[in-house]
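Residues per chain are reported as follows:
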Amino acid sequence: MAELVHLEMRGDIAVITIDNPPVNPMSIAVCIGLAARFAEVSADDAVAGIVLTGAGRAFVAGADIREFGKPRPKDAPGLRDVAMQIENCDKPVVAAINGACAGGGLELALGCHYRLAAPNAQIGLPEVKLGLIPGAGGTQRLPRVIGPQSALDVIVKGDLLPAPKAAALGIVEDVIEGDLVAAAVAFAAKAAADGAQLPRSSKRTDLIGGAADEPALFDDYRKSIARRARGFEAPYHAIDLIEASTKLDFDAGMELEKKTAGITVASTQSAAQRYLFFAEREALKIPDVPRDTEVRDIKSAAIIGSGTMGGGIAMCFANAGIPVTVIDMEQGNLDKGLERVEGNYQVSAKRGSMAEADIAVRMGLINGSTDINDAGGADIVIEAVFEDIELKKTIFAQLDAIMGDGAILATNTSALDIDAIAAATKRPEAVIGTHFFSPANVMRLLENVRAAKTGNQAIATAMKLGRTLGKQPVLAGLCPGFIGNRILRVYFGQCDKLMFEGSYPDQIDKAIFDFGFAMGPFGVRDMAGLDIGYQARKAQGGSNERRYILTDKLCDAGRRGMKTGAGYYKYEDGSRTPIPDPEVNAMIDEISKDLGIERRPISDEEIVERIIFPMINEAANIVDEGIALRASDVDVTYVHGYGFPRYRGGLMFYADTVGLDKVLETMQRFETEEDGDAMAPAPLLAKLAKEGGSFTGQ
Ligand SMILES: NC(=O)c1ccc[n+]([C@@H]2O[C@H](COP(=O)([O-])OP(=O)(O)OC[C@H]3O[C@@H](n4cnc5c(N)ncnc54)[C@H](O)[C@@H]3O)[C@@H](O)[C@H]2O)c1
């Protein structure tokens, strides 16, 4: 096993190199190798100092996630033992952080007496993002090295920091341009020659003593993350542990960290987040599209339609440094669209999330035009005009005539038949759905949609484009609503049913919010506007569909959602806080009566089951029909595009944690009590439940 950890002498300095490709994860074998090497050099009188570094582009990119939950060989040293062994070494040990230094990598480096970093190194403790806490001394050593306030930021946010930022915080002593290992060897030689007292992280108390003077530090921090971290357990465990580092001695702190690490590793939340980590990567793989499929290099883009979506999509390209032409048929709409884009950038600059000077750079990449011919030279054109199939067909016929050979012709339609759109061209293989979510510059999901004739190049290009734009791409097959909106239809349908049976919008919204969704359904609808399709329904004499009964009545009363100050809720001037409205509740009572429904109290638990289980059922059909390539793609879609709580892993993972037999039983009950066929258990659900199987292999 020692071959994973090399040893080389440079004069009297030992250079120990971790070589576990591709990114040197801290596996059990690496720990064993390190323990052996450090024992060897500690005992060797010819060694004056030690440098620890990584081979290739990483120092140590983290623990080996694939070893989680697997039994460790008895007596094998763990990372916490190795870090302690290094810290106790009586020769100076310098970490030469040559690249990614994450999680266990930083815990290892914190065991070293000194840390130097290459300029491109990325350093941090991202465990919280997987529902874990740093479990090898990170929560106890880092506060001692950089103080509790900075440690809170690093550990609870879990972001990787560029080397200069890590140096500014004091995580590393210096950033070295040029030969890092040579500099580290010189550093170790000097420390050895000076015979200076070695700084041992666990022994330091100079920065944590002051926390007692700031009793509110930790409570204030808990409050400050309350919104962002709602429902997540790991960030709060991390805060408790950093607080403990200021109150307990090191050994007691380590004991508590060990106990907490055990709790988080075994938690459903962490299992969910680790599952998603792999699911997000898996989603990029399309089994029948070969990996070496030629991808169109996207050097320029065109967007047709400068409305809500067109503007947001243009921002995505500009943010990625790709020039984009935005085309609208109406000069007025084009001007408004571009103004909105600039306004969004100004808000970002004001908030500090982008530099003021970048506004001009990004706006400089966006060109406006009212002439569709200006799309002609682009490598990809994305159509984002009104959701009208005839209009889209006309536009695609025009695009077919003007776009260059090999260009990708994409539509942002939410639900329309992309086969019909592709048929308007002579190159259906180049036509694909690229379904962005609103606001397109913010939402991470990109649901690419494969129509019957979409070619491999269009698919591979759209998937790669998603990554280039910083999105999470998922590939869906063609059916009304694709993956996401097809399930959403079930979601909204169940919400409406519950409303007419006895719940009011605020109760349903609260139950769904408490389940962990970012927002409840009625708040979402108020935000989107209730008048989508309203005029068209009116023109046809109104709709009898249950889901429009209340919406259209609200629109009749001028309540079109947040933008008019009232919808399902009322809103005070300029406020986005929904206020339940007795007037709306009275309208709902009236409709229930008209429908012959006797209203009854409905528990929050029933609300969640009646909404989530039918969504799971629909998702099972989507997987069974091959609309989603795999169950985990549904989960990635719902977490990144629909605000499903990440700590529950997504619909399918959640179903597995509930137990498929329970989901099936409940669906069978709904089938007899509710809408019969519409609630029929999905064949895949029934099959897996009977076999004792699962959707996600949990
Ligand atoms: N709004 C959303 O939340 C959302 C989310 C995902 C997908 N979509 C889809 O994106 C598309 C656009 O939606 P939106 O909300 O941005 O619409 P929008 O009404 O805000 O904007 C449409 C724009 O297209 C322009 N347009 C119409 N016909 C045109 C033509 N022939 N040539 C050039 N421009 C033309 C209009 O002037 C308008 O500016 C629709 O297919 C919609 O279903 C919308």
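A quick note: this is a predicted structure, and the numbers were derived from the prediction, not measured. Residue indices follow the written sequence of each chain, beginning from 1 at its first position. For a predicted model such as this one, the threshold for reporting local features is a pLDDT of at least 70, and the threshold for listing and counting side-chain atom pairs is 80 or more; totals across whole chains, interfaces and linings nevertheless cover every residue. Side-chain calculation: all heavy atoms of the structure are included, whereas hydrogens and water are not.

(A) Representation of the overall build of the protein chain in the model. Across its full length, the protein chain carries 28 helices and 20 strands. Only C-alpha atoms enter the radius of gyration, while the globule expectation follows 2.2 Å times N to the 0.38, with N the number of residues. In terms of C-alpha radius of gyration, the protein chain reaches 29 Å, essentially the compact-globule figure of 26 Å for 698 residues. Its C-alpha atoms give the protein chain principal-axis dimensions of about 95 × 60 × 55 Å. When accessible area is computed with a 1.4 Å probe and restricted to protein chains, residues below 20% of their type maximum are described as buried, those above 50% as exposed, and intermediate ones as partly exposed. Per-residue burial over the protein chain gives 54% buried out of 698 residues. Contact definition: two residues touch when any of their heavy atoms are within 4.5 Å. The contacts of the protein chain with a sequence gap of at least 6 include a subset with a gap of at least 24, amounting to 73%. Each helix is a run of H or I in the DSSP string that is no shorter than four residues. Each strand is a run of E no shorter than two, and both are numbered from the N terminus.

(B) The arrangement of the pattern of salt bridges in detail. In the sections that follow, a salt bridge refers to a side-chain nitrogen of Lys or Arg positioned within 4 Å of a carboxyl oxygen of Asp or Glu. On inspection of all chains with the given rule, the structure shows 46 salt bridges. A salt bridge links Arg630 to Glu282, with the shortest nitrogen-to-oxygen separation between them at 3.9 Å. Placement of Arg630 in the loop between helix H24 (604-624) and helix H25 (631-641) and of Glu282 in helix H11 (residues 268-282) is noted, with a sequence separation of 348 residues between them. The class of Glu282 is partly exposed, set by a relative accessible area of 30%. Asp400 is paired through a salt bridge with Lys426; the nearest N and O atoms lie 3.9 Å apart. With Asp400 in helix H15 (residues 389-402) and Lys426 in the loop between helix H16 (418-423) and strand S16 (431-436), the pair connects residues that are 26 residues apart, well separated along the chain. Residue classification places Asp400 among the buried positions, given a relative accessible area of 13%. Bridged by salt links that share partners, the residues Asp219, Arg222, Asp240, Glu243 and Lys247 form one connected network.

(C) Molecular detail of a nonpolar patch on the surface. Each patch is built from salt-bridge-free residues with over 30% relative accessible area, joining like charges within 9 Å and nonpolar side chains (Val, Leu, Ile, Met, Phe, Trp, Tyr) within 5 Å. The Shrake-Rupley method, run with a 1.4 Å probe, gives the accessible areas here. Residue values count only the displayed protein chains as cover. On the surface, Met519, Val524 and Met527 cluster together into a nonpolar patch covering about 220 Å² of accessible area. Along the polypeptide, Met519 turns up in the loop between helix H19 (505-515) and helix H20 (521-528).

(D) Examining the nonpolar core more closely. Counting 97 residues, the largest nonpolar core has Ile611, Ile612 and Phe695 as its most contacted members. Ranked by residue count, the leading element in this core is H24, at 11 residues. Sequence-distant contacts of Phe695, defined by excluding residues within four places in its chain, comprise Ile616, Ala620, Ala631, Met652, Ala655, Asp656, Leu660, Leu684, Leu685 and Leu688. In this text, buried Ala, Val, Leu, Ile, Met, Phe, Trp, Tyr and Cys residues form a nonpolar core when linked through side-chain atoms within 4.5 Å.

(E) Fine view of the domain arrangement of the protein chain. Domain boundaries assigned for the protein chain yield domain 1 (2-265), domain 2 (301-478), domain 3 (503-594) and domain 4 (604-691). Each domain's limits were defined by an automated method or a database of domain assignments. Centre-to-centre, using C-alpha coordinates, domain 1 lies 44 Å away from domain 2.

(F) Expanded view of the pairing of strand S1 (residues 5-10). Where S1 meets strand S2 (residues 13-18), 6 bridges bridge the pair, whose relative direction is antiparallel. Across the sheet, Glu8 pairs through a bridge with Val15, a residue of S2. By the convention used here, strands pair only if DSSP detects at least 2 bridges between them. Connecting S1 to the next strand, S2, in antiparallel fashion are 2 residues, including Gly11 with a positive phi near 65 degrees.

(G) View of the site of the ligand. Close to the ligand lie 23 residues; Met309, Asp328, Asn333, Glu387 and Lys392 are nearest. Take Met309: an N or O atom from its main chain is 2.7 Å from an oxygen atom of the ligand. Side-chain atoms alone can form a polar contact between residues adjacent in sequence; in general such a contact is a pair of N or O atoms within 3.5 Å, and within protein one must be able to donate a hydrogen while the other accepts it. Between a nitrogen atom of the ligand and a main-chain N or O atom of Met329, the distance comes to 3.2 Å. Protein contacts shield 80% of the accessible area of the ligand, which totals 840 Å² for the unbound molecule. Note on definitions. A residue lies near a molecule or strand when any single heavy atom of the residue is within 4 Å of it.

(H) Up close: the packing of H24 against helix H28 (residues 683-691). Between H24 and H28, whose axes approach to 7 Å, the crossing angle comes to 95 degrees. As the angle between them shows, H24 and H28 are arranged roughly perpendicular. Across the interface between the two elements, Asn617, Ala620, Asn621, Val623 and Asp624 of H24 pack against Pro683, Leu684 and Leu685 of H28. Throughout this entry, Asp, Glu, Lys and Arg are counted as charged residues, while Ala, Val, Leu, Ile, Met, Phe, Trp, Tyr, Cys and Pro are counted as nonpolar. The remaining residues, Gly among them, count as polar. Looking at the contact of H24 with H28 residue by residue, the classes come out as 5 nonpolar, 2 polar and 1 charged. Axes here mean lines fitted to C-alpha atoms, for a helix over just the part in contact, with angles spanning 0 to 180 degrees between N-to-C directions. Convention used here: angles under 35 degrees read as roughly parallel, angles over 145 as roughly antiparallel, angles from 65 to 115 as roughly perpendicular, and any remaining angle as oblique.

(I) Layout of the side chain of Thr551. Its location among the elements puts Thr551 in helix H22 (residues 546-556). When residues no more than four places from it in sequence are discounted, the contact partners of Thr551 are Leu530 and Tyr568.

(J) Just the packing of aromatic side chains, in detail. When two rings of Phe, Tyr or Trp (its six-membered ring) have centres within 6.5 Å they constitute a pair, described as stacked for plane angles under 30 degrees, edge-to-face for angles over 60, and tilted for the intermediate range. Per the stated rule, a full pass over the model turns up 13 aromatic pairs. Aromatic side chains Phe277 and Phe278 sit 5.3 Å apart centroid to centroid with 90 degrees between the ring planes, which places their arrangement in the edge-to-face category. Looking at Phe278, the relative accessible area reads 29%, which means it is partly exposed. On the basis of an interplanar angle of 65 degrees and a centroid distance of 4.8 Å, the ring pair of Phe522 and Tyr568 is categorised as edge-to-face. Pair noted here: Phe522 is in helix H20 and Tyr568 is in the loop between H22 and strand S19 (569-570), with a separation of 46 residues, a long-range link. Across the pair, exposure class does not vary: Phe522 and Tyr568 are buried alike. Taken together, Tyr491, Phe492, Phe515, Phe517, Phe644 and Tyr654 form an aromatic cluster joined through their ring pairs. When the ring centre of Phe492 is taken as reference, the NZ or CZ atom of Arg525 above it lies at 4.4 Å. In this scheme, Lys NZ or Arg CZ marks a charge over a ring once it lies within 6 Å of the ring centre and within 35 degrees of the ring normal. Here the guanidinium or amino end of Arg648 rests over the ring plane of Phe515, the centre of that ring lying 4.2 Å away.

(K) Here's a closer look at the environment of Ala166. Along the chain, the position of Ala166 falls in helix H6 (residues 163-169). Among residues more than four places away in sequence, those in contact with Ala166 are Ile123, Leu161, Ile171 and Val172.

(L) Spatial organisation of the sheet that holds strand S15 (residues 408-411). Strand order across the open sheet formed by 8 strands is S13-S12-S11-S14-S15-S16-S17-S18, with mixed pairing between neighbours. Each edge of the open sheet is held by one strand with a lone partner, namely strand S13 (366-369) and strand S18 (472-477). The average angle at which neighbouring strand axes cross in this sheet is 25 degrees, direction not considered. In terms of strand pairing, S15 meets S16 through 3 bridges, oriented parallel. Bridge assignment links Thr411 to a residue of S16, and that residue is Gly433.

(M) Up close: the environment of Gly523. If you trace the backbone, Gly523 turns up in helix H20. Distance from Gly523 to Asp509, taken between C-alpha atoms, is 7.1 Å for residues 14 residues apart in sequence. Leave out the neighbours within four places in its chain, and Gly523 touches Asp509 and Tyr569.

(N) Unusual backbone geometry, seen in detail. Cis geometry is found at the peptide bond from Pro21 to Pro22, where omega equals 0 degrees. Take Pro22: it is sitting in the loop between S2 and helix H1 (28-43). Cis peptide bonds are those with omega within 30 degrees of zero, and the linkage from Ser438 to Pro439 qualifies with -10 degrees. As for its position among the elements, Pro439 is in the loop between S16 and strand S17 (445-450). Its identity as a non-glycine residue notwithstanding, Asn24 has a phi of 55 degrees, on the positive side. Tracing the backbone through its elements, the reader meets Asn24 in the loop between S2 and H1. Accessibility expressed as a relative area gives 1% for Asn24, which makes it buried. Positive phi, close to 70 degrees, is recorded for Asp75, a residue that is not glycine. Residue position: Asp75 is located in the loop between strand S4 (58-60) and helix H2 (79-88). On the accessibility criterion, Asp75 (79% relative accessible area) is exposed.

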